Each structure stands twice: as structure tokens, then as C-alpha cells.
Amino acid sequence: STSGGYGGKTIVVTTAAVGAFVATVGAVFAYTNSEEYQSSSSSSSSSSSNWKRKILDSFLTTSSYVTNKASQMKSEHRRREKKMLTTQMWFDGCDESGRIVNPEAMRKIIIEGGIESALRQEVYPFLLNIRDPKDSAVEVEQAKQMRKVKYDALRKRCKELELMMKSGKAYSKDSLPPRDLGVFTENAPVIKADAPRTTFVYGEFAATYDACDDANTAALLEKDLNVLSSGDKKNSKKKSWEVVQTQRCRKILEAFALYDPTVGYCQGMNELAAGFLRDCVDESEAFWCFAHFTSGAFRSHFVISGHAHLDGGISERLLALSTIFQICDKPLWKHLHSLNSENCMFAFRSVVVLLSRELDVSSTIFLWDVLMATRDFAPTAEATAMSAAAAVYEERNNSQFDGDSDILEVLTVGGGRLFLHVVAAAFLEMRHSVFSCKNYDDLLQLCSRMPAQQFSVSRLLAKAKVLLSKTRGVGEAKVSQNVAAAALF
């Protein structure tokens, strides 16, 4: 079942595990009743009975654990829904001109309960510092149109480069090829292969798209959202929302490769892009939210350490994770060291995709909401400056937020530190399983089984906060400027 906002992947994995356990129990029961077992046992009847009882008790214990975990997850989701930022709360927090009166109070609500799905396209630009809370509704719309013009320019250039790549007539003998042609040629084929393999979740875009019953209306919607190419027929059969999302994903990833040519496209970006495409109906807004989210502290997740133009990289982030283990759980770190895995490369996937494969859909969405609300995507110095400016703004407006330093500490982390400590908290939750690993392959298998753990994201965030108090600044991502993006603006 995927009801209640939970993704099917966690339930499927857990069900498969229970199914395998049931099959094992059946096989053991069959063996204990076989003549081979009866003849090899000195006390066949009592031994068989004891074996059955022990296995049955083990099975019931496991089933009870799985049921309790699922129940706890649903309860946590219901608790978050009660604290969630709703459309009514959002508009009540704005004045008659559309300015956000209490930006830090809004962030606090989001940290506690997340965001209503229909509201994310409106709230994400504010959380990602794309929208200034002092802007009126008219100014917000004007800025949105300006962003759309810039995105359309990127898409137009992508189409030109695609034609050059196909025709092979990019330049004359006396001229050099355009610099961005190499970037596009390198990244476009990989994006084209990865986009169809991306898992998309039903959200606001899918609901909006499915609401168009008529194929012509659907085609018009696609055209408005920059999905149809000029060669598509107006009366073509309506595509499924998954197909349209795949097209949108490919397009924003190609545009991002030109937006940040130093990094370009890396596998794993498609998973992050899918998160913004889910609830951002406007393709341009999905792109800018994705670009801002991945251009700060999380940009280093897609950089190979030692790159000539960049300071940090994924290896450095994983070494920072190792340092967190070393400070917070010395025995665990020593065990990893004994397995030659203190570099934490086994956690590569978990870090790159921001735990989207390790958590269920609802928990992933909430975690990303919190990462944005705490400004963890931005460098710490920048995040702190934004928070201080917001506090001054709210004081001038005599808002409910009093600028308390303790609240500021809750609302601001920065530098990707909160996320890295959440990853550490997840592995500490599996501490005993990590100790049972005897080599690097065992660690990789453990990571592949992480979805079956059904982590409580609220518990992970609470534990991450405790770890942050112990490490004191460890995990700050090195962020270098995106020169191409700076030129664009």
C-alpha cells in the first residue's frame, strides 16, 4: 500500500523480507517433519516440537517488529500533518501586498511539520533564497517571469547545441567550436539514458496533468509547461504523466549542465531533480529550485575531489562523515578502520542522493523541507547572514519572532552539516548491524538494505542535532563559485 503519503519502496522491501522469512520457516517445518530429520534425531518428537516453537516465536517477533515499525511511521506522519504549513497558514503570514511578515516563524513551522504539497511551488523559492520575503506579490510575479526568460534562454541554447551535435556542422574550418558544445555533447547522452530510469512520485504536477481529461487540453498544458517540442502534433494522444515527467527531467538537467558547466551532469542529479518536479508544476520554477538547492553546499556531492577548479568534493564529504563517527562513536570508527572503510565510501549513494533511496517518500520530502528551512544548502556564513537579516526584518515589523539566539540556532545550520549528521545518525541507528559486517562488501549490502529499516526521520533529525553539539563545526562543505551562473545573472 502507498496510502498516507508513504512510498511503495519501503513497504515492498519489507514485505519481500517477510516473505523470504516465511518461506524459510516453511522449509524448516517441512524438514523437521521429514523422515531424514526424524531418523537422525535421538528424541525426534520433542526436538521437532522445540524447533517449531523456536522458529514460530522468532517469526512472530519479527512480524510484530515490522508491524510496530509501520505503525510508528504512520503515527509520525499523522503528527507531522498536524504541524504542517498549510495554505491558510501561509497566506495568513503574508500582508495585504503579499509580503511575508514572519519569515523565521514560517521556517520554524516547516522544521516541525513540513509543507503542504500544493504549497511547495510557492514556498520553495522563499526557502531557497530565490524570493525575498520583503517582495510584494507583484514583485514576486515579475521576478518569476524574469527567471522564466533566463530558463527559456538556456533551453533555446540546448536546442541549438543539439542541432549542431546532430548535423556535425558546428563551426567552419577557420573558427573554433562553441565552448558549450563540448559540455552539451558530453552530458546530453548520459542524461537521455538516465532520465527514463528515474523514479517519479505522484504529486502536484501529476494531479494537475491527470485533471486534463481531453487530449487537446493536455497538449495545451504540456505546451505551457515547455514539454512539447515544436514538431509534436496538436491532437496527439495524451501521454502518461510519467512520460511527461521524464521529458521535463531531461530538459532541466540539460539546462543545468549549461548553467554549471564545471560540474555538468552527474548520476544522482536526476533523483534530486525528480523531487522538485514532483510538486513544481511550472518547469522553470522546478529548474531554479533544483539549481539553487544543488549549487551551494550540496554541489560538492557531485565533484570528484582533486578537481583543478574546485576545492572540495565528494571524497572530502565522506571523510567528514568519518570524522563524525570518530568523534561521536570511537568503537564504530575503529571497526570501520579495521575493514579499511574509514573513508566511508560505502555511504557514497546515501550522501549523493540525499537519502532519497534510504527513506520512504514522505520522510524524504520532509527531510528536504527541513534542509531548505534550516538553510543547510547554503554555506554556514551565508546562512547565518540570511538568518540575522531576517531577524532584523521581523523586529522592524514587530512580528511574533523575537530574534532569540536559541531559535536562530534551531533555524540555521548551513554548509551541509545538518544533512551529513543525519546520515551519521542513520548509520548509528544500525550500529549493531555495522559491527556484524566483516568486510567492505558486507557494508555495501547493509547499505542496500537500509530502506527496510524504516527510519524515523524525526528521530534522525533529533539525533543529528545532538551530534552537531559534539562535533562543533565538522562537516562544513567547501563551496566554490559557479562562474557560469554568476555571468548569467
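Fair warning: this is a prediction, and the values are worked out from it, not measured in the lab. (Residues numbered from 1 in each chain as written. Predicted model: local features only at pLDDT ≥ 70, side-chain atom pairs only at ≥ 80, totals over all residues. Heavy atoms only, no water.)

Observations regarding the overall build of the protein
Step number 1: Within the protein, the regular secondary structure consists of 24 helices and zero strands.
Step number 2: Within the span of the protein, comprising 489 residues, buried residues form 48% of the whole.
Step number 3: A fraction of 76% describes how many contacts in the protein between residues 6 or more apart in sequence connect residues 24 or more apart. (Helix = DSSP H or I, 4+ residues; strand = E, 2+ residues; numbered from the N terminus. Buried < 20%, exposed > 50% of the residue type's maximum accessible area, 1.4 Å probe, protein only. Contact = heavy atoms within 4.5 Å.)

Points about a positive patch on the surface
Step number 1: A contiguous patch of positive charge, built from Lys 74, Arg 78, Arg 79, Lys 82 and Lys 83, is present on the exposed surface.
Step number 2: Examined against the element boundaries, Lys 83 turns out to sit in helix H3 (residues 44–83). (Patch = residues over 30% accessible without salt bridge, like charges linked within 9 Å, V, L, I, M, F, W, Y side chains within 5 Å. Areas by Shrake-Rupley, 256 points an atom, 1.4 Å probe, with all protein chains shown as cover. Salt bridge = Lys/Arg side-chain N within 4 Å of Asp/Glu carboxyl O. Lys, Arg positive; Asp, Glu negative; His and termini not counted. Charge placed at Lys NZ, Arg CZ, Asp CG, Glu CD.)

Details of unusual backbone geometry
Step number 1: Located in the positive-phi region is Leu 354, a residue other than glycine, with phi close to 55°.
Step number 2: With respect to the helices, strands and loops of the structure, Leu 354 is situated in the loop between helix H16 (348–352) and helix H17 (361–373).
Step number 3: Not every positive phi belongs to a glycine, and Arg 375 is a case in point at roughly 60°.
Step number 4: In this fold, Arg 375 is placed in the loop between H17 and helix H18 (380–396).

Digging into helix H14 (residues 314–328)
Step number 1: End to end, H14 covers 21 Å across 15 residues, agreeing with the expected 21 Å (1.5 Å per residue, within 8%).
Step number 2: When we look at burial in H14, the residues that qualify are Ile 314, Arg 317, Leu 318, Ala 320, Leu 321, Ser 322, Ile 324, Phe 325 and Cys 328.
Step number 3: For H14, the elements touching its buried residues are helix H15 (330–338), H16, helix H20 (417–429) and helix H23 (457–471). (Expected span 1.5 Å × (residues − 1).)

Examining the packing of helix H6 (residues 120–127) against H17
Step number 1: Across the interface, H6 lies against H17 with an axial gap of 9 Å and an inter-helix angle of 35°. Crossing angle aside, the handedness with which H6 passes H17 is left-handed. Between H6 and H17, the contacting residues are Arg 120, Tyr 124 and Leu 127 on the first element and Ile 365, Asp 369, Met 372 and Ala 373 on the second. (Axes fitted to C-alpha atoms, helices over the stretch in contact; angles between N-to-C directions. Left-handed = near helix turned anticlockwise from the far one by under 90°.)

Structural notes on the nonpolar core
Step number 1: Core analysis: the biggest nonpolar cluster contains 116 residues, and Phe 287 and Phe 325 have the highest contact counts within it.
Step number 2: Not counting residues within four places of it along the chain, the set of residues in contact with Phe 287 comprises Tyr 151, Leu 154, Ile 252, Ala 255, Phe 256 and Tyr 259. (Core = buried A, V, L, I, M, F, W, Y, C linked by side-chain atoms within 4.5 Å.)

So, the confidence of the model for the protein
Step number 1: Summing up the model confidence of the protein, the mean pLDDT is 80 and the portion of residues at 70 or higher is 70%.
Step number 2: Low pLDDT, under 50, characterises residues 1–20; the predicted model gives this stretch 31 contacts beyond four residues in sequence or across chains.
Step number 3: Confidence drops under pLDDT 50 across residues 228–235; counting only partners more than four residues distant or on other chains, this segment forms eight contacts. (pLDDT = per-residue confidence, 0-100.)

Remarks on a nonpolar patch on the surface
Step number 1: Together, Met 345, Phe 348, Tyr 440 and Leu 444 make up a nonpolar patch on the protein surface, roughly 310 Å² of accessible area in all.
Step number 2: Looking at the element boundaries, Phe 348 is found in helix H16.

Structural notes on the pattern of salt bridges
Step number 1: A complete count under the given rule lists 25 salt bridges for this structure.
Step number 2: With a closest N to O distance of 3.6 Å, Arg 417 and Glu 476 form a salt bridge. On the criterion of sequence distance, the pair formed by Arg 417 in helix H20 and Glu 476 in the loop between H23 and helix H24 (483–488) is long-range, its members being 59 residues apart.
Step number 3: Residues participating in the shared-partner salt-bridge network are Arg 120, Arg 278, Asp 279 and Asp 369.

Structural notes on the packing of aromatic side chains
Step number 1: With the rule as written, the count across this model stands at 17 aromatic pairs.
Step number 2: Look at Tyr 202 and Trp 241: their rings are 5.5 Å apart centre to centre, the planes differ by 90°, and that puts the pair in the edge-to-face class. Taken together, the residues Tyr 202 in the loop between helix H8 (179–194) and helix H9 (204–210) and Trp 241 in helix H11 (residues 241–259) connect sequence positions 39 residues apart.
Step number 3: Given the relative accessible area of 10%, Trp 241 is considered buried. (Phe/Tyr/Trp six-rings, centres within 6.5 Å; stacked < 30°, edge-to-face > 60°.)

A look at the side chain of His 301
Step number 1: In this structure, His 301 sits in the loop between helix H13 (283–294) and H14.
Step number 2: A residue is classified by how much of its surface remains accessible, and His 301, at 3% relative accessible area, is buried.
Step number 3: A polar side-chain atom of His 301 sits 3.4 Å from the main-chain carbonyl oxygen of Val 351. (Polar contact = N/O pair within 3.5 Å; in protein donor to acceptor, adjacent residues only side chain to side chain.)

Here's the deal with the side chain of Asp 282
Step number 1: Summarising the element assignment, Asp 282 is placed in the loop between helix H12 (269–279) and H13.
Step number 2: It is Lys 144 that comes nearest to the buried, bridge-free Asp 282 among opposite-charge side chains, at 4.2 Å.
Step number 3: There is a polar contact of 2.8 Å between the side chain of Asp 282 and the backbone nitrogen of Ser 284.

Looking at the packing of H12 against H17
Step number 1: It is the contact of H12 with H17, at a shortest axis distance of 12 Å, that shows an interaxial angle of 90°. By the criterion of interaxial angle, the relationship of H12 to H17 is roughly perpendicular. On H17, the residues that touch Glu 271, Leu 272, Gly 275, Phe 276 and Arg 278 of H12 are Ile 365, Trp 368 and Met 372. (Parallel < 35°, antiparallel > 145°, perpendicular 65-115°, else oblique.)

Notes on H17
Step number 1: Taking 1.5 Å per residue, 13 residues should reach 18 Å; H17 reaches 18 Å between its end C-alpha atoms and fits that length.
Step number 2: The opening residue of H17, the one whose side-chain oxygen lies 3.1 Å from the backbone nitrogen of Ser 362, is Asp 360.

A closer look at the environment of Val 183
Step number 1: With respect to the helices and strands, Val 183 occurs in helix H8.
Step number 2: For Val 183, a relative accessible area of 15% translates into the label buried.
Step number 3: Through-space distance from the C-alpha of Val 183 to that of Leu 161 is 9.7 Å; in sequence the pair is 22 residues apart.
Step number 4: The residues touching Val 183, leaving out its near neighbours within four places in the chain, are Ala 257, Leu 258 and Pro 261.

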